[in-house]
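Per-entry structural report
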Amino acid sequence: MGTPFVRGGNPASDANLSIIRAPGRRSGERSAQRPGVTVDSSKAKTSLEALKISLRQLRWKEFPFGRRLPCDIYWHGVSFHDNNIFSGQVNKFPGMMETVRKITLSRAMRTMQDLFPLEYNFYPRSWILPEELPLFVSEFRRMKDSDPSWKPTFIVKPDGGCQGDGIYLIKDPSDIRLTGSIQSRPAVLQEYICKPLLVDKLKFDIRLYVLLKSLEPLEIYIAKDGLSRFCTEPYQEPTLKNLHQVFMHLTNYSLNIHSGNFIHSDSVNTGSKRTFSSILCRLSSRGADVKKLWSDIISLVIKTIIALTPELKVYYQSDIPAGKPGPTCFQILGFDILLMKNLKPMLLEVNANPSMRIEHEQELSPGVFENVPSPVDEEVKVAVIRDTLRLVDPQKKKRKDTQCRSLEQVRDASEELPDAGLVARSEPDVHRSAEAALPSLCLKQVFPKYAKQFSYLRLVDRVAALFIRFLGVKGTTKLGPTGFRTFIRNCKLSNSNFSMAAVDILYIDITRRWNNMGIDHKESGMCLQAFVEAFFCLAQRKYKSLPLHEQVSSLIELCECRLAALRGKRLVCPREPCQAEGLHLAPAAPALLTHTDTASKFADYRNHRN
C-alpha cells in the first residue's frame with residue numbers, strides 16, 4: 001500500500017528539544033523557523049499526485065501554479081524546457097529525450113559493443129531502418145543460406161514510438177512495412193528474445209527506476225523495487241500463426257490494459273502488474289541466485305548510463321554553458337528489462353519520462369471511465385519520487401553547515417556551563433527527527449560506489465570531452481570544419497602522410513554521411529557520433545596491431561598528453577612520448593559504425609547470447 005503519511009511534529013515536544021539556548025541568543029527569543037524547501041509543481045503533469053504525496057510526507061512547500069520568486073526545485077513532466085529556469089534544480093536533463101530515443105540508444109550501445117563486445121552483450125543486435133535495411137537483408141540471406149533450419153524472429157520499433165505504438169514482429173525481411181511511414185518514421189529492428197523467463201506461463205518485463213543524480217561527477221542510484229508488467233495471454237514461441245498476438249508477445253501496460261484478461265489487483269503478488277520484489281521472492285523460493293541477478297542488473301544499468309553520458313554532456317554544455325547561471329539537473333529514468341529463461345537480464349529500452357501515475361482507468365460502463373487508485377503503483381512510485389527529493393534536498397548542505405556551527409557553539413558553551421551534557425540536543429536534531437520518521441531510502445547508490453569496476457569503459461566519455469573542447473561556440477552541438485582542423489593540429493595528428501587536405505576529406509566524407517541519415521538538420525557540422533567514428537578511424541590506422549578499445553585508449557592518451565603540453569603542464573604519457581608520428585591514413589576513411597559482421601559472427605553472437 002502507499003507509504004504512511006508523515007504528520008507534523010508535536011509543537012510541545014519540539015519546544016523541549018533545545019534545553020539550553022545557544023550562546024548569543026537573547027532570553028525569551030524564539031528560534032527562527034527554517035524555511036521549507038520550495039517545489040514548483042505547475043508542469044508536473046501525470047506525476048502530480050505522486051509528487052503531492054511525497055511533498056506532504058517531506059513537509060515541503062508546493063507551488064502548484066508556479067511562483068514569481070525562484071523555487072528550490074522545479075518538477076517537470078516532460079522535458080528540461082517545460083519552463084525557463086535560471087537557478088535551483090530541475091528534474092530533467094537537457095537532451096535526455098533525444099539521447100534515449102530508440103535509434104540514438106541503439107547507436108550508443110553499438111559503439112560500446114564495438115569497443116567491449118562481451119561487456120555489452122545485454123542489448124539485442126539492432127539495425128536502423130531504413131538506412132540499414134539492405135545490410136540486414138544481406139546478413140539475413142547469408143545466414144539463412146548457411147543454416148536453412150534457422151527460423152529467427154525480429155521486432156520492429158518506431159524510433160519515436162511509445163506505449164507499444166507501431167511495434168510489430170516479423171519472420172522475414174519481406175514482412176517489413178515499407179509503404180508510407182518507414183521513410184518519415186525511422187525505426188529500430190532487433191532480434192526478438194524468444195526464450196524469456198515465464199511466471200504463471202506469462203511473459204513479463206521489469207520497469208526499474210534509476211536516478212541519474214549528477215552527470216559530472218557521475219552519480220547513479222537504483223530503486224530497490226520496481227514493477228513487473230505482464231502479458232495477458234499465455235506465452236508461446238513466435239510462429240506465423242501467433243506473430244500478431246500482441247497480448248502474448250508485448251509486455252506494454254498501455255496495450256495489455258485493453259485485454260479482457262487484464263487483472264487489476266490490490267496485492268503486490270498477483271495481477272497483471274506486480275512489484276519486482278514479489279517476483280524476486282518467488283524466484284528465490286525456487287532456488288534462483290537472486291543476488292547474482294541483482295548484480296547483473298546493476299552492471300547493466302551502469303554500463304547503459306556510461307553509454308549515454310557522452311551525448312548527454314554535449315546537450316548539457318549547449319543548454320547550460322560553463323560559467324553561465326543555470327539550474328543543476330537530476331532525472332528519474334525508466335529501464336525496461338527482460339529476463340531470459342537463464343535469468344540473464346536484457347535491456348529493451350530506456351524511458352526519459354517513465355509514467356509516475358498512481359491510478360488507473362476503470363471502465364464503469366461502456367465509454368464511462370473512472371480513475372481508481374493503484375496500490376502497487378503508489379507503493380513503488382511515491383517512494384521513488386520522495387527519496388529522489390531527499391537525495392537532492394538543497395537544504396541538506398545548509399543543515400550540515402548549521403550543524404557544524406551548532407557544534408562549535410556547543411563546545412564554547414561546554415567550557416562555560418557546568419552541565420555540558422544538556423547542550424547535546426540542538427536545532428538540527430529537529431530536522432534529523434523529521435528525517436528519522438521517514439522510511440529508509442529506497443534508492444541505492446551504485447556509482448561512484450562501483451566506479452573502479454566500470455571506469456575502464458568510459459572511453460567515449462573522454463572522446464566527447466575532446467569534442468566539446470573544440471566546439472568553439474557555446475550553445476552548439478556540432479563541430480565545424482575549423483574546429484576539426486584545430487583538433488588535428490593541436491593534437492599533432494597531421495604530417496606528410498596525413499595532410500590537412502586529407503583532414504578536410506575525412507571531415508566532409510563522414511559528416512555528409514551522418515547528415516544524410518536525417519538525425520538532426522537544425523545545424524550543420526559534425527555531430528558527436530560522427531566525431532567518434534572519425535576518432536575510431538584515426539585510432540585504427542595508427543595502432544593497427546591492437547584491439548579496438550586499446551587503439552582508442554592509446555589515441556585518447558596521446559591527444560590528452562599533447563593538449564596538456566599546450567597548456568604548459570607536465571604529463572607522463574603511458575604509451576609513448578608526445579611527438580608527431582605518421583598516421584598512414586588514407587584520405588577516404590571507411591565507415592566504422594556500420595555493420596561489417598560476417599554470417600559466422602552473427603551466428604556466434606546469437607549462440608553466445610542464447
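Residues numbered from 1 in each chain as written. Predicted model: local features only at pLDDT ≥ 70, side-chain atom pairs only at ≥ 80, totals over all residues. Heavy atoms only, no water.

1. Thoughts on unusual backbone geometry
With an omega of 5 degrees, the peptide bond running from Leu 129 to Pro 130 counts as cis. Following Phe 447, the chain continues to Pro 448 via a peptide bond in cis, the omega torsion being 15 degrees. On the secondary structure map, Pro 448 appears in the loop between strand 19 (443-447) and helix 14 (451-454). Phi at Arg 59 is positive, roughly 60 degrees, even though this residue is not glycine. When you line up the elements, Arg 59 lands in the loop between helix 2 (48-58) and strand 2 (61-63). Although it is not a glycine, Leu 343 sits at a positive phi angle of roughly 70 degrees. Looking at the element boundaries, Leu 343 is found in the loop between strand 15 (331-339) and strand 16 (345-351). (Helix = DSSP H or I, 4+ residues; strand = E, 2+ residues; numbered from the N terminus.)

2. Digging into the environment of Glu 216
As for its placement among the helices and strands, Glu 216 is situated in the loop between strand 10 (202-214) and strand 11 (219-223). Spatially, the C-alpha atom of Glu 216 lies 9.5 Å from that of Thr 309, the residues being 93 residues apart in sequence. At 2.8 Å, the side chain of Glu 216 forms a polar contact with the side chain of Lys 313. (Polar contact = N/O pair within 3.5 Å; in protein donor to acceptor, adjacent residues only side chain to side chain.)

3. Observations concerning the sheet that holds strand 2
Spatial ordering of the open sheet is given by 2-1-3-4-14, a layout of five strands whose pairing is parallel. The open sheet has two edge strands, strand 2 and strand 14 (328-329), and neither has a second partner. Examined bridge by bridge, strand 3 (residues 73-76) and strand 4 (residues 89-90) share two bridges and lie parallel to one another. Each bridged residue has a counterpart across the sheet, and for Ile 73 the counterpart in strand 4 is Gln 89. (Pairing = 2+ DSSP bridges.)

4. A word on the state of the cysteines
What the rule picks out here adds up to zero disulfides. Unpaired in terms of disulfides, Cys 491 finds its nearest cysteine sulfur in Cys 559, a separation of 3.7 Å. When its relative accessible area of 0% is taken as the criterion, Cys 491 is described as buried. (Disulfide = S-S within 2.5 Å. Buried < 20%, exposed > 50% of the residue type's maximum accessible area, 1.4 Å probe, protein only.)

5. A word on the packing of helix 15 (residues 459-469) against helix 18 (residues 528-542)
The contact between helix 15 and helix 18 brings their axes to 10 Å, and the two run at 110 degrees. Relative to helix 18, helix 15 is oriented roughly perpendicular. When helix 15 is examined against helix 18, the residues Val 460, Val 463, Ala 464, Leu 466 and Phe 467 are found in contact with a partner set consisting of Leu 528, Phe 531, Val 532 and Phe 535. Residues that form the contact of helix 15 with helix 18 fall into these classes: nine nonpolar, no polar and no charged. (Axes fitted to C-alpha atoms, helices over the stretch in contact; angles between N-to-C directions. Parallel < 35°, antiparallel > 145°, perpendicular 65-115°, else oblique. Contact = heavy atoms within 4.5 Å. Nonpolar A, V, L, I, M, F, W, Y, C, P; charged D, E, K, R; others polar.)

6. Focus on the sheet that holds strand 6 (residues 154-158)
Strand order in this open sheet of four strands is 5-8-6-7, and the pairing throughout is antiparallel. What marks the edges here is a single partner per strand, and that holds for strand 5 (126-129) and strand 7 (168-170). Direction aside, neighbouring strands of the sheet carry axes that sit 25 degrees apart on average. By the bridge criterion, three bridges tie strand 6 to strand 7 in an arrangement that is antiparallel. Bridging from a neighbouring strand, Val 156 pairs with Tyr 168 of strand 7.

7. Regarding helix 4 (residues 102-115)
Here helix 4 spans 20 Å end to end across 14 residues, near enough to the 20 Å set by a 1.5 Å rise per residue. Where burial is concerned, most of helix 4 is hidden: 13 out of the 14 residues are buried. (Expected span 1.5 Å × (residues − 1).)

8. Considering the pairing of strand 3
Residues Ile 73 and Trp 75 of strand 3 are buried on one face, and the alternating residues Tyr 74 and His 76, pointing to the opposite face, are buried as well. Two strands pair when backbone bridges link them, and strand 1 (residues 38-43) and strand 3 are joined in this way by three bridges, in the parallel orientation. By the bridge assignment for strand 3, Lys 43 is matched with His 76.

9. Concerning the confidence of the model for the protein
Detail in the predicted coordinates should be disregarded across regions flagged by low pLDDT. On average, residues of the protein score 83 in pLDDT, and 79% of them reach the 70 mark or higher. Across residues 579-606, confidence stays below pLDDT 50; counting only partners more than four residues off in sequence or on other chains, it has 78 contacts. (pLDDT = per-residue confidence, 0-100.)

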